[in-house]
Amino acid sequence: MHRRLLSGGSSAVALLTMLFACGGNGHDLPQLSAAVGAALTSCTDLAGRISFANTTITGANAIAAGTLTVAGTPVPAHCQILGKMNQRVSTVDGNSYAIGFEMRLPNAWNGRFFYQANGGIDGYVATATGDVNGGFGLTHALNMGFAVISSDAGHVWSQGPTFGIDPQARLDYGYQAAATLTPMAKSAIRTAYGKGPDRSYFGGCSNGGRHTFVAAARMPEQYDGYLAGAPGYRLPLAAVANIFGAQRYASVATNPADISTGFTAAERSVVANAVLAKCDALDGATDGLVQDTTACQKAFSVGSDVPICTGARDGTCLSVAQIAALASIFSGAVDSTGKSFYSSFPFDSGLATSGWLAWEFTCPMALDSGAVAMIWSVPPANPANFNGPAFALTGNIDDMLAKIAATSTTYTESALSFMLPPDRSGLARLKNRGAKIMVYHGVSDPIFSSDDTTNWYEGLRAANGGNASDFARFYRVPGMGHCSGGPSTDQFDMLTALVNWVEKGQAPDSIVASARGPGNAAGANVDVPSTWPAARTRPLCPYPLVARYKGSGSIESADSFVCQ
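A brief structural summary. (Residues numbered from 1 in each chain as written. Predicted model: local features only at pLDDT ≥ 70, side-chain atom pairs only at ≥ 80, totals over all residues. Heavy atoms only, no water.)

## Regarding the sheet that holds strand 6 (residues 96-106)
Across the sheet, nine strands lie side by side as 2-5-6-9-8-10-11-12-13; this open sheet has mixed pairing. Of all strands in the sheet, those with a lone pairing partner are strand 2 (55-63) and strand 13 (472-477), marking the two edges. The sheet shows a mean angle of 15° between the axes of neighbouring strands, direction not considered. Of the pairings in the sheet, the one linking strand 2 to strand 5 (residues 78-89) comprises eight bridges and is antiparallel in character. Among the inter-strand pairings, Thr 55 is bridged to a residue of strand 5, identified as Met 85. Contacts from helix 16 (residues 450-463) reach strand 12 (436-442) and strand 13 within the one sheet, and its direction differs from that of strand 13 by about 155°. Of the strands in this sheet, strand 8 (112-116), strand 10 (199-205), strand 11 (225-229), strand 12 and strand 13 are in contact with helix 17 (residues 494-504), which crosses strand 12 at around 155°. (Pairing = 2+ DSSP bridges. Helix = DSSP H or I, 4+ residues; strand = E, 2+ residues; numbered from the N terminus. Axes fitted to C-alpha atoms, helices over the stretch in contact; angles between N-to-C directions. Contact = heavy atoms within 4.5 Å.)

In C-alpha cells form, the structure reads like this:
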C-alpha cells in the first residue's frame, strides 16, 4: 500500500493523511481511561513503610520546591526514595552487585508512573526526572506530576564493561532489571499514595530507547505508553558496525594514531554541504534542513556529488579511497562474505558536528570495544590484558559477530537474546490492550541509524495490515544527532502527546519542534547555524509523511509547513 500511495499523486497523499487522522487501519482498539491524581501526605516515614521482597530502602528525603529546576522553572516539592534490590555477591567474578534505584514522588501526584530508562551501559542512578525528548526539554515527567524511577540496571559505573563477566549482571542490564523494578515501584507508589498508578509510561533515549523497545515487547501489560528515542534496539550489532566503520576510517587516515584524520572536519563539511545542495530544496524550502530523507537518499550519491581530489587532500575534496570508505560505511556494515549485519545510514546535514566526530572516531575504541568484548561476547575477554583500541582496529569482525551470538553453560543467553526485543515487529499484546508507542530518531545520528528504526517501523506496518499508526508512530528528526544536537529543531515534548493519545484518544499527527538557539531556557545547541532564528520551529511528521513548505509564509515557522 505504501508504494501505491506514494506514487498516486495528490489523491494518494490525501488518503494517507486520512488514514493517520482516522487512527490507522480501522481496527477498534480499547480506549484507556485518564489517570486520577492523589496527594502525598508524608515522605520520610516511607523508608520504614515501603516493603517489598529483596528490597532495601536506604533513604526517604523530602525535597523542597525549587531544589531542582528544569529550564529555569522550579520543580514542585517531592519525595526522594533511594534503595537497592537483589543484593548479592557473584560466584563468577566475586564482585558485589545490586539493582540500585531512585524514585521521585511528587507531593501533588498526577496518578501516573514513568520508568526512566538510562543510556550507555547504565551503571549509574541518574536523577529521576523523566525526559520528554532526548534531552534539553522545557519540562519533564517529574515537573508534570509523574512519579519517576531511574536505576543503574544492576551494576556500578566504576566497573566499566567488566560487569559483563558476571552472567546475571548481563541479564539485568539487558532486560531483567526493568522487569524486577517495575512491580516494586508500583507497590511503593501504592504505599505512598494509597493507590497504584492509573497509567504507566516507559521512556528513554539511546540505550534507554532500546530498554523501551524491550519493555514494549516483554512487558506490554505493565505500561500504557512507550516513548523511545534513537532506539539502539540492536545495540550489539550497532557497536560491531561502529567498529567496522572505525577500521575503514583508519584505512584512509593520514595519522594512524588518530582515525579522525581519515575524514576531517573540513571534509565532513564538504559532504554535508553536498547533501544540502542536492536535497535541501526537495521539501520546497531551502532552509538548511533535509525534510525528505527518503528522496534524498535516492537523489544523493557520495561518488558523484562530492568533489573528488585530483591531487593531495586539502579539505575541499575527498580522495577516491575516502569515497570508497564512506560508501562502505553508509551502505551498511557487512561480514567477510558481504552479508549485511546492520543497516545503512542516511546521508544528512549533521556530519560536521563535534557530536558526530565523538561517536565515529572515539567511541569505537573507548566504548564499543569493551562492550563487545566483555558485556556481549561468549566467552568474554580477559579485562587484565584487554586493549580497546587494538581490539577495535585490528579485531576480526566475523569473530565478533560469532561471539555475540554464542552461548555457554555459564552464559546461557546470547547478547542477541538478552539485549534485543524478542518481538519487535508485531507488538500485538501492546496494541490490543490500547497501549501506544511513539518513537523519534535523529536522521544525523552517527551511532544508531535512523534507517534501522525506519526498517523496524516498516516491519511493524507490514505485520499490521500495512498501517500501524493506530498504536505506533515514528518521527524522523532532520539534522538531529544522537538524541539531541545537530543542525536541527531538537526541542519538543512527546510525553504530553503520548499521554493525550493513550488517555484521551488524541492521535499525534505532528509534533512542533524548536531550535535551541542562543538564550534557550534549556541550553543553547551549539550546532544551530547562526543564520537561523533562535526559535525556528518545524513540524515533526509521523513517518512516512514529510514536512513540506506550503509555498507561502515564513520558512522559520512550523505553521508554514504541512505533513504530506
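So, next bit.
## Here we look at unusual backbone geometry
Generally, phi is negative for residues other than glycine and the peptide bonds are trans, each holding for most cases. The residue after Val 378, namely Pro 379, is reached through a cis peptide bond having omega -5°. Take Pro 379: it is sitting in the loop between helix 11 (354-376) and helix 12 (388-394). Residue Tyr 543 is joined to Pro 544 through a cis peptide bond whose omega torsion reads 10°. Along the chain, Pro 544 turns up in the loop between strand 15 (537-540) and strand 16 (547-549). Positive phi is not limited to glycine here, since Asn 86 has a value of about 55°. Tracing the sequence through the fold places Asn 86 in strand 5. Look at Asp 122: it is not a glycine, yet its phi comes out positive at around 60°. Among the secondary structure elements, Asp 122 is positioned in the loop between strand 8 and strand 9 (147-151). For Asp 122, a relative accessible area of 2% corresponds to the buried category. (Buried < 20%, exposed > 50% of the residue type's maximum accessible area, 1.4 Å probe, protein only.)

## Remarks on the environment of Asp 445
When you line up the elements, Asp 445 lands in the loop between strand 12 and helix 16. Sequence separation between Asp 445 and Gln 506 is 61 residues, and the spatial gap between their C-alpha atoms is 29 Å. There is a polar contact of 2.9 Å between the side chain of Asp 445 and the side chain of His 482. (Polar contact = N/O pair within 3.5 Å; in protein donor to acceptor, adjacent residues only side chain to side chain.)

## Concerning the pairing of strand 8
For strand 8, the buried fraction is high: five of the five residues fall into the buried class. Because side chains alternate across strand 8, one face comprises the buried residues Arg 112, Phe 114 and Gln 116, and the other comprises Phe 113 and Tyr 115, equally buried. Inspection of the sheet shows strand 8 paired to strand 10 by five bridges, in the parallel sense. Pairing of Phe 113 across the sheet is with Ser 200, part of strand 10. In this structure, strand 8 lies alongside strand 9, joined through three bridges in parallel fashion. Paired with Phe 114 across the bridge in strand 9 is Val 148.

## Thoughts on the nonpolar core
If you look at the biggest cluster of nonpolar residues, it comprises 60 residues, and the most contacted ones within it are Val 271, Phe 300, Val 306, Phe 341 and Trp 376. Secondary structure elements with two or more residues in this core: helix 4 (167-193), helix 6 (235-251), helix 7 (265-279), helix 10 (320-331), helix 11, helix 13 (397-404) and helix 14 (415-418). Residue contributions to this core peak at ten residues, all from helix 6. Ignoring any residue separated from it by four or fewer positions in sequence, one finds Val 271 in contact with Phe 263, Phe 300, Val 306, Leu 318, Leu 326, Phe 347 and Leu 351. Counting 52 residues, the second largest nonpolar core, distinct from the first, contains Ile 81, Ala 228, Ala 435 and Phe 471. (Core = buried A, V, L, I, M, F, W, Y, C linked by side-chain atoms within 4.5 Å.)

## Details of the side chain of Arg 210
By the secondary structure assignment, Arg 210 is in helix 5 (residues 207-218). Asp 122 provides the closest opposite charge to the buried, unpaired Arg 210, separated from it by 5.4 Å. A polar atom in the side chain of Arg 210 sits 2.6 Å from the side chain of Asn 207. (Lys, Arg positive; Asp, Glu negative; His and termini not counted. Salt bridge = Lys/Arg side-chain N within 4 Å of Asp/Glu carboxyl O.)

## Quick word on the state of the cysteines
Counting across every chain of the model gives five disulfides. The disulfide that involves Cys 309 links it to Cys 317, with 2.0 Å between the sulfurs. A torsion of 100° about the S-S bond marks the disulfide between Cys 309 and Cys 317 as right-handed. Side by side, Cys 309 and Cys 317 carry an identical accessibility label, which is buried. The residue that forms a disulfide with Cys 541 is Cys 563, at a sulfur-sulfur distance of 2.1 Å. Every disulfide takes its handedness from the sign of the S-S torsion; for Cys 541 and Cys 563 that torsion is -85°, giving left-handed. You can see Cys 541 sitting in the loop between strand 15 and strand 16 and its partner Cys 563 sitting in strand 17 (residues 561-563), a full 22 residues away along the chain. Considered together, Cys 541 and Cys 563 belong to a single accessibility category, that of buried residues. Left without a disulfide partner, Cys 363 is nearest to the cysteine sulfur of Cys 483, which lies 12 Å away. (Disulfide = S-S within 2.5 Å.)

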